[in-house]
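An overview of the molecular structure
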There are 2 protein chains.
Amino acid sequence: MATLRDVAREAGVSVATASRAINGLGNVTGPTRDAVLAAVKKLNFVPHSGARSLTRRKTDTIGVILPDLFGEFFSEIIRGIDLVAHESGMHLLLGNMHGSTHETAAAIASMRGRVDGLLVMPPDMKPELLAGHLDPALPTVLLNYDAGPLDVPFVAVDNYHGAYAMTEALLDRGARQVVHIAGPKHNRDARDRQRGFVDAMAKIAKERSPVILPGDFSEEAGEEAARLLIQGQLPADAVFASNDLMAVGCIQQLGEAGISVPRDVMVAGFDDIPLARHVSPALSTMQVKIDRLGSTAMMMLLRLLRGETLGAASSTVLTPTLIARGTTAGPVGLAAVSKAVPAADRDSD
Amino acid sequence: MATLRDVAREAGVSVATASRAINGLGNVTGPTRDAVLAAVKKLNFVPHSGARSLTRRKTDTIGVILPDLFGEFFSEIIRGIDLVAHESGMHLLLGNMHGSTHETAAAIASMRGRVDGLLVMPPDMKPELLAGHLDPALPTVLLNYDAGPLDVPFVAVDNYHGAYAMTEALLDRGARQVVHIAGPKHNRDARDRQRGFVDAMAKIAKERSPVILPGDFSEEAGEEAARLLIQGQLPADAVFASNDLMAVGCIQQLGEAGISVPRDVMVAGFDDIPLARHVSPALSTMQVKIDRLGSTAMMMLLRLLRGETLGAASSTVLTPTLIARGTTAGPVGLAAVSKAVPAADRDSD
DNA sequence: AGGGGCAATGCAACCGGTTACATGGCGACG
DNA sequence: CGTCGCCATGTAACCGGTTGCATTGCCCCT
C-alpha cells in the first residue's frame, strides 16, 4: 500500500506539500497540486485513516455500545443513529456487550482512541458502576437510561407513565384481571414499566391484586407466560407484556390453545416494533419511536462534539404514545381510540 | 487522558518496560510489573487503541459495508457477523452506502487504516466497477454477491434455484397464473430470482406467459403490486414476491380488499425474515438463513486474516429451503410440505 | 577475583500521517 | 538597485503506542 512518503517522492515534493495538496489546504501552486494528485492516482494512494486520526485527534467515528443486537428494537436504534451519523460523515463502531456487565467495561475501554464519542445503552447496570467505567473526557450520551446522579446527558423513554397509561387503558376497556409479564429483573426499563403497572393497578383497581409473571423480553418468555396462564388457570382477561416481543409470543401461544384475542383476553405490549402491526390481530402497544431514540441521542452527541456543554439537564425524555390495535379491540373504550390513530400508526411523520 | 509516558514516569521506568508490563510480555520482574500496574490504576490509564493499531498493523476491527440498514434482513446479517466477530474479539465498523454506488467507493476508501478486513455487500454494483475500488491487499469477503470474474471469495444465496423451486411449488400446488413482484432493477439478487421464476414458468407452464410487476423490495411496493393486481383485473391465483417484505405488503393489501389468502390467491416470498412467521396467515417463503450469511462470511474472513489464501473458488453458496406456511396452504401439495418442516421452521440448529 | 552469560531494562526508531516553524525565491517598493 | 515581505515549500517534531537492539547489572563459573 502506498504511503504519503511514496506519493511525495513520486511527485518530487516533500511530504508536507503532498499532505497539503491532498487535503486541499491553501498554499499550494496549481502545478504542484496537479503533480501530487497525479501521483496519488498513479500509486492508488488512499490516506491511512488510522494514522490521520492519531494526529488530528479526531476519528470521525462514534462508538455504539448496545447490550445485544437481537431483534428489531436494536436494529431500529442503529438505523436511527446511522441516519444522523451518516449526514455528518461519521462512522459507527459497534460494541456489543452481549448482556454481560463485565464486558461492558471492556467494550468501553477498547473504544478509547478509536472514537470521538460514545453512545451507550447499559440497561441493567447500576449508575455508580457505570460511572467508574465512563471516561469523563469522552463525550457520551446514554441511550434509554436515566443517568440519575451522574451528570451525563441521556435520551430515555418515559416507561413509567407509558406503562401506567396502558394499564389504565386496559382497565378502562373493561379488563378486571390484568396480568403483567415482566422483563429481566435488573433491566431498568422493565422495572419502570412494572412500577407503572403496579401503581396504576393500585390507584385504579385497589381491590384487585396485581399478578406479575416473570419474563426476559424474549418471545419464548411470552409463550411461557401464556402457558402458565392457561395451565395455572389464572383468572385473567388482559395481559400487559413489558415488551412487544413477549406480547407476540403470548398471543401466539394463546391462539394455539384456542383462546381468542381479544375476545377472551386482551393483550398489550410496549415498544411498537415493526412486527406489532403485522401480527394478527395487530398488537396494541405503547409506541416508542425507537429510531428516534437513536437519532436524538446521536444529535445530542454531535452537539457535544461541537463543543457545547450538555449536562444531564439537557436530556430528552420521549413520551410513548398509546397505539390501540386489534388485540384490545372491542365495542367500547380502546376501540374508539383505535379509529383515531391510523395516521400515527403509519409512522406519519 | 494519561498516556503510556505518564505511566512510565509515575512508575519510574521507561516506556518500553511499561508497555511490556501492561501487555504481559515476559522479561519483566514481579516488582517492576506491580509498580507499573499500580501506576496504571492510579492514573486510570487505558491504552490508546488507535496508536496501538498503527504500530501493530492490526486494528482488530473489520469493516462491514451494507447497502442499507433498513429491515430485518440487514439486522440479521449484522447479528450473524457480530456473533462470530465477538468470539474472536473483533469489532465491527459499520459503513452504510445508502444505496448509492458512489458512496460505496467512499465507504471502502474510508475504511483503509481502520480495519483488518472487509465484508462488503454491493447488491447493485457491476463487478468491474467494484474491482476498481477494492484493495487487493485488504482481506475481503463479499456478501450475497457472486464475484464472477473477480477472484474474491464470497458467500451467496442460490437465488436462481430458490426462485425456480418456489415457482415450481406454486404451480404444483395448482396455481395457473403466477405473478412475480420483482425487486430493484439493478439488484443482482432480484434479477436472479426473476430469472428463476421466468425459467420455471417457461419450462413447466409454457402456455402461460409470465407476468412481472415492478417492485423495490419495500413493503409499499408489495402493497402497490397488490393494488395493481386488484384494479388491473389481472387474472392471478398466486403471487411470488421477490422478497418477504413485499409479500407481506401484498398480503396486507389483498386482505383489505377482501381477497382471501390463500383461498383466492396464494402468496409466497423469499428470505424468511423473522416477521414471516408472524403475519397471518403465516408466509410461505424460501428460507435463507440470513444470520448464516453473515456468520459464514465472517468465518471466511477470519481464515483470510489467519493467512490462509482463499480464492473465489472457496466461496460458499447457501441453498434456500422451501418453507410452506399458511399463505400457500391447501388440501394438497405445499400443505404436505408444511407438515414436514416445523422443526426447520423453528431454527432448530 | 575476574570474565562470561543471561535476564531486565532503556534508548530510539518506527507506524503514517499532520503541522509549527524555518527557509528560500520572488516581486514590489523606496 | 537594494531591501523588505509574502508565499510556496521543506524540515522535523509530534500523535501514542510497539519493538529491535544496546546497555546494564547480577550471578555463576574457573
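To be clear, the structure that these remarks concern was listed above.
Quick summary incoming for the structure in this document. As the structure is a prediction and not an experimental result, all values here were calculated from the model.

Calculation rules
Residues numbered from 1 in each chain as written. Chains lettered and ligands numbered in written order. Predicted model: local features only at pLDDT ≥ 70, side-chain atom pairs only at ≥ 80, totals over all residues. Heavy atoms only, no water. Least-squares fit on C-alpha atoms with pLDDT ≥ 70 in both. Contact = heavy atoms within 4.5 Å. Buried area = accessible area lost by both parts, 1.4 Å probe. Salt bridge = Lys/Arg side-chain N within 4 Å of Asp/Glu carboxyl O. Polar contact = N/O pair within 3.5 Å; in protein donor to acceptor, adjacent residues only side chain to side chain. Helix = DSSP H or I, 4+ residues; strand = E, 2+ residues; numbered from the N terminus. Buried < 20%, exposed > 50% of the residue type's maximum accessible area, 1.4 Å probe, protein only. Arc of directions from axis to C-beta. Pairing = 2+ DSSP bridges. Axes fitted to C-alpha atoms, helices over the stretch in contact; angles between N-to-C directions. Near = heavy atom within 4 Å. Nonpolar A, V, L, I, M, F, W, Y, C, P; charged D, E, K, R; others polar. Parallel < 35°, antiparallel > 145°, perpendicular 65-115°, else oblique. 1 Å grid on protein atoms, 1.4 Å probe; cavity = no way out; pocket = protein on both sides within 12 Å on 5 of 7 lines; lining within 4 Å. Points joined across faces, edges and corners; volume = space filled by probe spheres on them. Lys, Arg positive; Asp, Glu negative; His and termini not counted. Right-handed = clockwise from strand over helix to strand, strands pointing away.

Considerations on the relation of the copies chain A and chain B
Mapping chain A onto chain B is achieved by rotating through 180° and translating by 0.0 Å along the same axis, at an RMSD of 0.1 Å. Both chain copies can therefore be described as sitting about a two-fold axis.

With respect to the interface of chain A and chain B
Taken together, the contact pairs 43 residues of chain A with 43 residues of chain B. Of the roughly 4100 Å² buried between chain A and chain B on both sides combined, carbon and sulfur atoms contribute 56%. Of all residues in chain A, the largest losses of buried area upon contact with chain B belong to A:Arg112, A:Arg114 and A:His278, amounting jointly to 18% of the total for that side. Our enumeration of links across chain A and chain B arrives at two salt bridges. Between A:Glu219 and B:Arg277 there is a salt bridge, with the nearest N and O atoms lying 3.6 Å from each other. Here chain A and chain B share 27 residue pairs in polar contact (both at pLDDT 80 or more) between them.

Things to note about the pattern of salt bridges
Tallying each qualifying case throughout the model produces 26 salt bridges over all chains. One salt bridge connects B:Asp271 with B:Arg193, and the closest N-O pair in it is separated by 3.2 Å. Taken together, the positions of B:Asp271 in strand β9 (residues 266-271) and B:Arg193 in helix α9 (residues 188-204) put the pair 78 residues apart, joining distant regions of the chain. Across this residue pair, the class does not change: B:Asp271 and B:Arg193 are buried. Residue B:Arg325 is joined to B:Asp272 by a salt bridge in which the shortest nitrogen-to-oxygen separation is 3.1 Å. In this pair, B:Arg325 is assigned in the loop between β12 (321-323) and α13 (334-340) and B:Asp272 in the loop between β9 and β10 (284-287), connecting sequence segments 53 residues apart. Each of the two residues, B:Arg325 as well as B:Asp272, counts as buried. Linked through salt bridges whose partners overlap, the residues forming this network are A:Glu76, A:Arg79 and A:Asp291.

With respect to helix α6 (residues 101-111) of chain A
Residues and elements named next belong to chain A. Here α6 has its buried residues at Thr104, Ala105, Ala107, Ile108 and Met111. Buried residues along α6 cover an arc of 165° about the axis, so they all sit on one side. One side-chain oxygen of the residue at the start of α6 lies 3.2 Å from the amide nitrogen of His102, identifying that residue as Ser100. With its phi angle positive at about 85°, Gly113 sits one or two positions after the end of α6.

With respect to the sheet that holds strand β6 (residues 178-181) of chain A
Strand pairing in a sheet relies on backbone hydrogen bonds, with the paired strands running either antiparallel or parallel. All names here are of chain A. Strands sit in the order β7-β6-β8-β9-β10-β12 across an open sheet of six strands; the sheet is mixed. Looking at strand neighbours, the two that pair on one side only are β7 (211-213) and β12 (321-323), the edges of this open sheet. The mean angle between the axes of side-by-side strands here comes to 20°, regardless of whether they run parallel or antiparallel. As defined by bridge partners, strand β9 (residues 266-271) adjoins strand β10 (residues 284-287) across four bridges and the pair is classed as parallel. Along β10, the bridge assignment pairs Asp271 with Gln287.

Focus: the protein's contact with DNA strand C
The immediate surroundings of DNA strand C are formed by 27 residues, with A:Leu4, A:Arg5, A:Ser19, A:Thr55 and B:Thr32 found nearest. Backbone atoms, meaning sugar and phosphate, form 65% of the atoms of DNA strand C found within 4 Å of the protein. In this structure, a base nitrogen belonging to DNA strand C sits 2.5 Å away from a side-chain N or O atom of A:Arg5. Measuring from a sugar or linking oxygen of DNA strand C, one finds a side-chain N or O atom of B:Thr29 at 2.7 Å. Looking at the surface near DNA strand C, the elements with two or more residues in it are α1 (4-11), α2 (15-22) and α4 (49-56) of chain A together with α2 (15-22) and α4 (49-56) of chain B. Looking at side-chain class alone, the surface near DNA strand C contains nine nonpolar, 11 polar and seven charged residues.

Considering the packing of α1(A) against α2(A)
Residue and element names in this part refer to chain A. Where α1 contacts α2, the two axes come as close as 8 Å, and the packing angle between them is 100°. Regarding the angle of α1 to α2, the classification is roughly perpendicular. Residues Leu4, Arg5 and Ala8 of α1 lie in contact with α2, whose contacting residues are Val15, Ala18, Ser19 and Ile22. Class assignment of the residues belonging to the contact of α1 with α2 gives a composition of five nonpolar, one polar and one charged.

Things to note about empty space enclosed by the protein
Applying the stated criterion to the full structure yields three cavities of 30 Å³ or more. Size it by volume and the largest cavity reaches roughly 180 Å³. Forming the boundary of the largest cavity are 16 residues, of which A:Gly50, A:Gly113, A:Arg114, B:Gly113 and B:Arg114 lie nearest the centre. Going through the elements one at a time, α4 of chain A together with α4 of chain B are the ones with two or more residues in the lining of the largest cavity. Taken together, the residues of the lining of the largest cavity break down into two nonpolar, 12 polar and two charged. Put simply, the second largest cavity is a space of about 70 Å³. Lining the second largest cavity are A:Leu69, A:Phe74, A:Ser75, A:Ile78, B:Leu69, B:Ser75, B:Ile78 and B:Arg79.

With respect to the side chain of A:Asp244
Residues and elements named next belong to chain A. Position of Asp244 among the secondary structure elements: in helix α11 (residues 244-256). Buried and unpaired, Asp244 has no salt bridge, with Arg325 as the nearest side chain of opposite charge at 6.2 Å. Sequence-distant contacts of Asp244, defined by excluding residues within four places in its chain, comprise Gly269, Phe270, Asp271, Asp272, Ile273, Ala276, Leu283 and Thr285.

So, the pairing of strand β4 (residues 140-143) of chain A
Residue and element names in this part refer to chain A. The alternating pattern of β4 places Thr140 and Leu142 on one face and Val141 and Leu143 on the opposite face, and all of these are buried. Looking at chain direction, strand β3 (residues 117-120) and β4 are connected through three bridges and run parallel. Paired with Leu119 across the two strands is Val141, which belongs to β4. Remark: the β3/helix α7 (residues 127-133)/β4 crossover connection has right-handed handedness. Bridge count for β4 against strand β5 (residues 154-157) is two bridges, and the pairing is parallel. Of the residues in β5, the one forming a bridge with Leu143 is Val155.

Just geometry here; none of it tells us what the structure is for.
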